[in-house]
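Geometric and topological summary
Take a look at the letters that make up each chain.
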Amino acid sequence: MTQGSNKVYRKGLPFSAEVAPLLAAMPLLEEYREPLLRLQGAWDSLALLGQMSGAATDMADTRTAFEALTGRLLDSLARRQLRHAVGHLQGRSQVAIDILVRNLFERTADVGFLASDGPLRTLLQADAAGEVDAGGVEALRRRFAAYVAKYSVYDQVVLLAADGRRLAALDESSCAAVVDDPRLQEAFEPGRAFVEVHGPTGLLGGRGGLIYAAAVSGLASGEGGDGTAGGARGLLCLSFKLEDEMLGLFRALCAGVPRSVLVLKDAQGRVLLTSDPWQIPLGAPLANAGEAQGWRLDFAGRDYLACESAASGYEGYFGPGWRAQMLQPLQHAFADAPPERQGDRARDLDTRELFDDELRSIPVEARRIQRELSRSLWNGKLKSRAHSQPHAQPGARTGEGGAAAPGGNAFAVTLLNEVERTGDQLRQVFERAIAQLEDGALDAVFDGAGFRAELAISIVNRNLYERANDCRWWALDARLQRALAAGDAASAESVLASIHALYTVYSLLLVFDNAGRVVAVSDPAQAHHVGRSLQGDWVSGALGLRDAGQYVVSSHAPCGLYGEDGHAPCLVYAAGVPHPDGAAMAGGIAIVFDGAPQFRAMLRAALPDHGGAAALLVTRAGEVVASSDARWSPGDRLPLPLPALTALPADQHVTGELEFDGRVHAYGLAMSGGYREYRRLTPPDANDLAALVVLPLGERLAAGESAGAGAMPAAFTPTAPAGAKTVDVASFLVDHQWLGLPAMQVVAALERQRITAWPTAPAAVRGMLGFEGRMLPVLDLGQLLFHRPCGDEAALMVCQTGAGQRLVLAVQQLGQVFVAGAEQLQPSPTRPGWAAQAQVHLLKGQGPQMLTLLDGDDLWRLVNGVVEAQTPALTVD
């Protein structure tokens, strides 16, 4: 192995240093490497023929270019595979840690709110007075159970005295009587809103858990205490179901990535949670993995492709400093065949924007090499056939049975035919490899759209789960119940303001009486709502609830409570507030979700970094709820045709194409299926939410344009001559149609050369070109015959008439030089104006192929006629 210029040579080919160690795990590379290397043998044969024909320099240059392109192509395939595999792992590890941090952010708010709950302070005061009774403890335990029934992400709630004694617990059997944990005591430090502790704890009988703890003061707000001095103090501890939450998420993220493992690591790199303990066990130390480490990690004697991610942060909170890492055994990371493409999607698109400059240059270079090969074959065959018929007259050659030329020329023709077949194999291998690159890029976009749509709706589901829980729990706050029952607006406003300070995702919190009249709001700037009578189905629905476990949510529509003018569409979650005596409802509580910035942030969190991507949250009925892009506003009707939207089952996603703004986009559409007990197994409804992610692909190609950057038309394949008389045909492509000339009328195919402009010449004459000491006119056959020029990459060929006049033809692409039976030529039944006096014949190939055989004398007369008609003072000599 040698190394230099950031390239590592493996099996004689240069590869980027980042992929060289991974090549053995990439079977796709071997699939292309072997045939490409075998084809180099054909170039050796071509070089031998070049020495015999005097064209050795041309052959050597082309072979060198081919070798260089082979290395670039294989290196690009390897890097594309690595990028695709790393993208799968990196994206999923980032999702895992970011969703966890968003979830834990809600826990920090929960523990702060619940720590201010009246019954907790009451029990602390009773403990300080030595008056704790079993009835009070049991009442608080039932309250903990009611709380966990709504917030099912917790499995333990404990109230501790300041000295660590257990006062009340949801599950007393698993909680020690005294919990002596200095880490929890840190919650008493001044200015400390909460602490988060992970590891074995007496709160859970010694097993590990993630605990959120906040200080509880025995003095209520306004009673003269601050919870740090004076009065009784305690600790509220919430145990979050970390394993339950993350393993479900891990399973979802690992789906579709064979043998993959997702782990959660602490700041020291130890594994806290793992999706597969048989591969990566708990407590194992895992090294960092990323670009600096070459994405490769060795663990327990097994090689993995690995990526890890730190939290992006949410509302300024970054969690406990953990990281997520995703690993896939190296032998599986690149082994699976790419998924089957869905029909012919995106085949008629200009997808060049999906490639970087290097990838875009590969098909361009492949076409150049193919042109050089075609030119070399042409010139070799033309020279060999000319030598085989020294006395032939210009025009169509006929002979007996198409006999091969004698002596060395027979060998040359045979060798050229073999090289020609090898060249066609070269074309096929390159087309397949370039198509693999294109398909890989396209598949990555479609996969990304579907994955990111699922991510977006997952974030939304988890967020709205919290909203549904919040309104139901706050409705059970004894302070709110007393204030609402007594019509005490000031007390209700104080409680609402304290809650709103902890939960910043809301625009407004309010309580209303049984007549639907607003009693108090959380924001003094919106006090104008007080006294207003609320309208809407959600209001009557909330007042009609008789179960503290139920809630209602409005449709996404204006209700007068959101936006600068109060008329922006929004979601309102509401629940009935029980009367303190339990006899009836005292009214209701409504929480107005600040959807505009919150939903927009959720959608943007699901998008890739590159420009042009957009995400929308829409209802099943087609209304835009939120958008990451200013082109679509909340409340608008979705302007894009999405037939799948109305029928898509819950928890399912689809991908496809959408065309708007003059471009085609890949889309992913994911329908909400709820989260935990929130909206699970509910029947389809017009208000169901779905996430739509659109990623740009490119512009739609015009009819006839090639979508494959490196695709080359299949060569014209003649049928075998049946009779004694034959004709040698030099074929070429013009405007995607096969044309030809008798081979004896073709002198040579030229390298690309500078053409001298002829300003007064007609459009079909490109200018003049020097050849063998003479200036020859260059005729663009595409412009002449079909009024569509052959383009800047046109091939150039010199032809001559029976009288020896020469002319350069610009054609789309050179084809084969082959032998056809004279009896196979048929007069053309249709003669356009330019061919009214021409000798035009048709030659049928294999299958539906058809070739039009022209004549050099006719083309010469034609170009003279065109020139004389437009510039009478000029003639072509």
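All figures in this text were calculated on a predicted structure; none of them were measured in a lab.

1. Remarks on helix α10 (residues 478–486)
Regarding α10, the residues found buried are R479, L480, Q481, A483 and L484. G487 lies just past α10 and shows a positive phi near 70°.

2. Some words on the pattern of salt bridges
Side chains carrying opposite charge are able to pair once their charged atoms draw close together. In this structure the tally under the stated criterion is 30 salt bridges. Note that R631 and D629 form a salt bridge whose closest N and O atoms lie 3.0 Å from each other. Taking the shortest distance from any N to any O, the salt bridge between D735 and R788 comes out at 2.5 Å. Of this pair, D735 sits in the loop between β26 (726–734) and β27 (737–742) while R788 sits in the loop between α15 (781–786) and β31 (795–800); the two residues are 53 residues apart in sequence, bridging distant segments of the chain. A relative accessible area of 17% means that D735 is categorised as buried. Salt bridges sharing partners connect three or more residues here, namely K7, D75 and R79.

3. Things to note about the nonpolar core
L305, F334, W474 and F599 are the most contacted members of the largest nonpolar core, which totals 162 residues. Excluding residues within four positions of it along the chain, F599 makes contact with V460, L464, L571, F593, L617, V625 and A626. Core analysis: the next-biggest nonpolar cluster, separate from the first, contains 43 residues, F732, V746, F771 and L814 among them.

4. Structural notes on the side chain of R620
Position of R620 relative to the elements: it lies in the loop between β21 (614–619) and β22 (624–627). A relative accessible area of 8% places R620 in the buried class. Reaching out from R620, the side chain makes a polar contact with the backbone oxygen of T646 at a distance of 2.9 Å.

5. Remarks on the sheet that holds strand β12 (residues 302–310)
Spatially, β10-β9-β13-β12-β11 is the arrangement adopted by the 5 strands of the open sheet, whose pairing is antiparallel. Looking at the sheet topology across the chains shown, the edges are occupied by β10 (271–274) and β11 (296–299). Strand-to-strand, the axes of this sheet are offset by a mean angle of 35°, without reference to chain direction. Two strands pair when backbone bridges link them, and strand β9 (residues 261–265) and strand β13 (residues 323–329) are joined in this way by 5 bridges, in the antiparallel orientation. Bridge pairing links V263 to Q325 in β13. Here helix α6 (residues 242–254) sits on the sheet in contact with β9, β10 and β13, set at roughly 145° to β9.

6. A look at the sheet that holds strand β28 (residues 746–750)
Spatial strand order, β28-β31-β32-β30-β29: 5 strands in an open sheet with mixed pairing. Each edge of the open sheet carries a strand with a single partner, namely β28 and β29 (765–771). Direction aside, neighbouring strands of the sheet carry axes that sit 30° apart on average. Relative to strand β32 (residues 806–811), strand β30 (residues 774–780) runs parallel, the two being bridged by 3 bridges. Considered in β32, the bridge of V778 is made with V808.

7. A few points about helix α11 (residues 489–502)
Taking 1.5 Å of rise per residue, the 14 residues of α11 would be expected to cover 20 Å, and the 20 Å separating its terminal C-alpha atoms lies within 8% of that figure. Where α11 is concerned, the buried positions are A492, V495, L496, I499 and H500. Around the axis of α11, the buried residues are gathered within 135° of arc, so they sit on the same side. What points out from α11, more than 90 degrees from its buried face, is the exposed set A490 and A501.

8. Brief notes about the pairing of β11
Judged by which residues are buried, β11 turns out to be one-sided: L297 and F299 face inward and are buried, whereas R296 and D298, on the alternate face, are not. Note: β11 against β12, 4 bridges, orientation antiparallel. From the neighbouring strand, D298 faces β12, where its bridge partner is D303. Following β11, the chain reverses through 2 residues before pairing antiparallel with β12; A300 in that reversal takes a positive phi of roughly 55°.

Reading guide: rules and limits
- The numbering scheme is per chain: residues are counted from 1 as the chain's sequence reads.
- Given that this is a predicted model, residues contribute local features only at a pLDDT of at least 70 and side-chain atom pairs are listed and counted only at 80 or more, while totals for whole chains, interfaces and linings are drawn from all residues.
- Where side-chain values are given, they derive from all heavy atoms of the structure, hydrogens and water being excluded.
- Burial here depends on accessible area, computed with a 1.4 Å probe over protein chains only, as a share of the maximum for the residue type. Under 20% is buried, over 50% is exposed, and the range in between is partly exposed.
- The way it works is that DSSP assigns letters per residue, a run of H or I at least four long becomes a helix, a run of E at least two long becomes a strand, and they are numbered from the N terminus.
- Criterion for a salt bridge: a side-chain nitrogen of Lys or Arg within 4 Å of a carboxyl oxygen of Asp or Glu.
- Put simply, a nonpolar core is a bunch of buried Ala, Val, Leu, Ile, Met, Phe, Trp, Tyr and Cys residues held in one set by side-chain atoms that sit within 4.5 Å of each other.
- What makes two residues a contact is simply this: any of their non-hydrogen atoms within 4.5 Å.
- Polar contacts, as counted here, are pairs of nitrogen or oxygen atoms within 3.5 Å of one another; within protein the pair requires one atom able to donate a hydrogen and one able to accept it, and residues that are adjacent in sequence qualify only if both atoms are side-chain atoms.
- Should DSSP find at least two bridges between two strands, the strands are taken to pair.
- Here an axis means a line fitted to C-alpha atoms, over the contact stretch when the element is a helix, while the angle between two N-to-C directions is reported on a 0 to 180 degree scale.
- Here a helix's expected span is defined as the number of its residues, less one, multiplied by 1.5 Å.
- Each C-beta atom gives one direction from the helix axis, and the arc is the one those directions make.

Distances and angles like these do not, on their own, reveal function.
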